[in-house]
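Coordinates in review
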Amino acid sequence: MSKLKTPLTELVGIEYPVVQTGMGWVAGARLVAATSNAGGLGILASATMTLEELQTAVAKVKAATDKPFGINMRADAGDAAARCDLLIREGVKVASFALAPKPELIAKLKDAGVVVIPSVGLAKHAKKVASWGADAVIVQGGEGGGHTGPIATTLLLPSVLDAVKDTGMPVIAAGGFFDGRGLAAALSYGAAGVAMGTRFLLTSDSTVPDAVKQRYLDAALDGTVVSTRVDGMPHRVLRTGLVEKLESGSPVRGFAAAIGNAQKFKKMSGMTWRSMVKDGLAMRHGKDLTWSQVVMAANTPMLLKAGLVEGNTEAGVLASGQVAGIIDSLPSCAELVPQIAAEAIEHLQAATSYIV
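The notes below deal with the structure included here.

Calculation criteria
Residues numbered from 1 in each chain as written. Predicted model: local features only at pLDDT ≥ 70, side-chain atom pairs only at ≥ 80, totals over all residues. Heavy atoms only, no water. Helix = DSSP H or I, 4+ residues; strand = E, 2+ residues; numbered from the N terminus. Buried < 20%, exposed > 50% of the residue type's maximum accessible area, 1.4 Å probe, protein only. Contact = heavy atoms within 4.5 Å. Lys, Arg positive; Asp, Glu negative; His and termini not counted. Salt bridge = Lys/Arg side-chain N within 4 Å of Asp/Glu carboxyl O. Polar contact = N/O pair within 3.5 Å; in protein donor to acceptor, adjacent residues only side chain to side chain. Axes fitted to C-alpha atoms, helices over the stretch in contact; angles between N-to-C directions. Parallel < 35°, antiparallel > 145°, perpendicular 65-115°, else oblique. Left-handed = near helix turned anticlockwise from the far one by under 90°. Nonpolar A, V, L, I, M, F, W, Y, C, P; charged D, E, K, R; others polar. Pairing = 2+ DSSP bridges. Core = buried A, V, L, I, M, F, W, Y, C linked by side-chain atoms within 4.5 Å. Domains from an automatic or database assignment. Patch = residues over 30% accessible without salt bridge, like charges linked within 9 Å, V, L, I, M, F, W, Y side chains within 5 Å. Areas by Shrake-Rupley, 256 points an atom, 1.4 Å probe, with all protein chains shown as cover. Arc of directions from axis to C-beta.

Observations concerning the overall build of the chain
- From N to C terminus, the chain includes 15 helices and 11 strands.
- Within the span of the chain, comprising 356 residues, buried residues form 53% of the whole.
- Of the contacts made within the chain by residues no fewer than 6 positions apart, 61% connect residues no fewer than 24 positions apart.

Quick word on helix H2 (residues 29-37)
- The element H2 is extensively covered by neighbouring structure, given that seven of its nine residues are classed as buried.
- Looking only at H2, the buried set comprises Ala-29, Leu-31, Val-32, Ala-33, Ala-34, Thr-35 and Ser-36.
- Elements in contact with the buried residues of H2: strand E1 (18-20), strand E2 (41-45), helix H3 (51-64), strand E3 (69-73), helix H9 (198-201) and helix H15 (333-351).

Describing the side chain of Arg-236
- Mapped onto the elements, Arg-236 comes out in strand E11 (residues 235-238).
- The side chain of Arg-236 is buried and forms no salt bridge, while Glu-143, the nearest opposite charge, is found at 6.8 Å.
- Among the polar contacts listed, one links the side chain of Arg-236 to the backbone oxygen of Gly-142, at a separation of 2.8 Å.

Regarding the packing of helix H4 (residues 80-89) against helix H5 (residues 103-111)
- Relative to each other, H4 and H5 sit at 15 degrees, their axes nearing to 10 Å. Comparing their axes, H5 and H4 come out roughly parallel. The handedness of the crossing between H4 and H5 comes out as right-handed. Residue-level contacts link Cys-84, Asp-85, Leu-87 and Ile-88 of H4 to Leu-105, Lys-108 and Leu-109 of H5.
- Looking at side-chain class alone, the contact of H4 with H5 contains five nonpolar, no polar and two charged residues.

Remarks on the environment of Arg-215
- Here Arg-215 shows up in helix H10 (residues 210-217).
- Each C-alpha atom of the pair Arg-215 and Leu-238 lies 8.6 Å from the other, and the pair is 23 residues apart in sequence.

Some remarks on the pattern of salt bridges
- Within this structure, the stated rule accounts for six salt bridges.
- In this structure, Arg-83 engages Asp-79 in a salt bridge whose closest nitrogen and oxygen atoms are separated by 3.0 Å.
- Accessibility expressed as a relative area gives 8% for Arg-83, which makes it buried.
- Among the residues examined, Asp-79 registers a relative accessible area of 28% and is labelled partly exposed.
- The partner of Asp-85 in a salt bridge is Lys-108, and the shortest N-O contact between them spans 2.6 Å. With Asp-85 in helix H4 and Lys-108 in helix H5, the pair connects residues that are 23 residues apart, well separated along the chain.
- On the basis of relative accessibility, which here comes to 32%, the residue Asp-85 falls in the partly exposed class.
- Note on Lys-108: relative accessible area 36%, which makes it partly exposed.

Description of the sheet that holds strand E7 (residues 146-147)
- Reading across from one edge, E7-E11-E10 is the order of the three strands in this open sheet, with antiparallel pairing throughout. Every other strand in the sheet has two partners, leaving E7 and strand E10 (224-227) as the edge strands with one partner each.
- As paired elements, E7 and E11 share two bridges and run antiparallel to each other. By the bridge assignment, His-147 is partnered in E11 with His-235.

What to know about the sheet that holds E1
- Read once around its circumference, the closed barrel built from eight strands follows the order E1-E2-E3-E4-E5-E6-E8-E9, with strand pairing classed as parallel. The sheet shows a mean angle of 25 degrees between the axes of neighbouring strands, direction not considered.
- Against the sheet, helix H8 (residues 180-189) touches E1, strand E8 (171-174) and strand E9 (193-196), its axis set at about 135 degrees to E9.

Quick word on the pairing of E11
- Of the two faces of E11, the one lined by His-235 and Val-237 and the one lined by Arg-236 and Leu-238 are each fully buried.
- In terms of strand pairing, E10 meets E11 through four bridges, oriented antiparallel. Note on E11: the bridge partner recorded for Ser-227 is His-235.

Examining the nonpolar core
- Grouped together as the largest cluster of nonpolar side chains are 65 residues, with contacts concentrated most on Phe-200, Tyr-216, Leu-308 and Val-317.
- Top element by residues in this core is H15. It accounts for seven residues.
- When we break this core down by domain, the ones giving at least three residues each are domain 1 (5-207 + 327-351) and domain 2 (219-318).
- With residues near it in sequence (within four places) discarded, Tyr-216 still touches Thr-198, Leu-201, Leu-202, Leu-238, Leu-308, Leu-318, Ala-319, Ser-320 and Ala-324.
- One finds Leu-54, Val-61, Ala-95 and Leu-105 within the second-largest nonpolar core, a separate group that totals 23 residues.

Structural notes on a nonpolar patch on the surface
- Together, Leu-122, Ile-151 and Leu-155 give the surface a local cluster of nonpolar side chains, amounting to about 250 Å² of exposed area.
- Along the chain, the position of Leu-122 falls in the loop between strand E5 (115-120) and helix H6 (123-131).
- A residue is classified by how much of its surface remains accessible, and Leu-122, at 32% relative accessible area, is partly exposed.

Thoughts on H10
- Listed as buried for H10 are Val-212, Lys-213, Tyr-216 and Leu-217. Projected down its long axis, H10 carries its buried residues within an arc of 150 degrees, all on one side.

The quantities given are spatial measurements derived from coordinates; they are silent on function.
Now the structure itself:
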């Protein structure tokens, strides 16, 4: 039986070159363990967890699987160092970052045997983290959910691959992937694997409420919108009543609501105003944000929690890739991951028939 062997599978020690991304409120212990047990790489989303909650989640994953998994962190968070210490102490295989960590942090993690995989949105950023010693990068095109740029994966991926080809650093493609055809296409471009968020959200192992999953399944290909009204930065979400109100409403009114939600997030996360301001300063410096955008960023976790955890789609937002418009099933991870790999092999083998 044919198998897929790529620089990603070799680097991390996984069976299939398929990564489940660290989606806030979605990528908890159950989904991560299920993904890793299926032969892919599950990544815990720690940004919406306190340090204690992260410790508990790691223990749950380790109790459910002996396969490699990762933790996604915010490099600009005030307690990023403590989270990295936890990761090292617990022997977690992969450190994933939404923003590129500093060279010193990369070196510390690598010295401990941790595989460092930042996410990047431009070729120049991939080149920079490669020079800093990152082991691989995830590059997400505009089709993806969450914070994303306007460049389509079909253009962004080759630009990144060209930028880092002399470094030998594996590139993981994200944005618009959901099946074996996509994995075959990414491998043909030269990527080492694919990372998927929405496809894993829409599995039976995901803890997202069934009614919310149905909202995703009911979405059309034009059923998402890239909004800046959620947290001041581009964010792809399903078109819900709340999103339509945010898009058409007054920015001032949205900002007032954001302050209230920032207060709730402070209480939920156990953060002090001092730590929130410190994180806000780091965000402003790293992303050149206004204070309004910083407050809106603190607003995001609560809006996502309302939708993805509490199932209140009228009061929350539903982060989504465009693939929601084409997905129509809720398989288990144990079914999904091997199926994607098998389909990819079929398509890659079929493509060789064109060579004469």
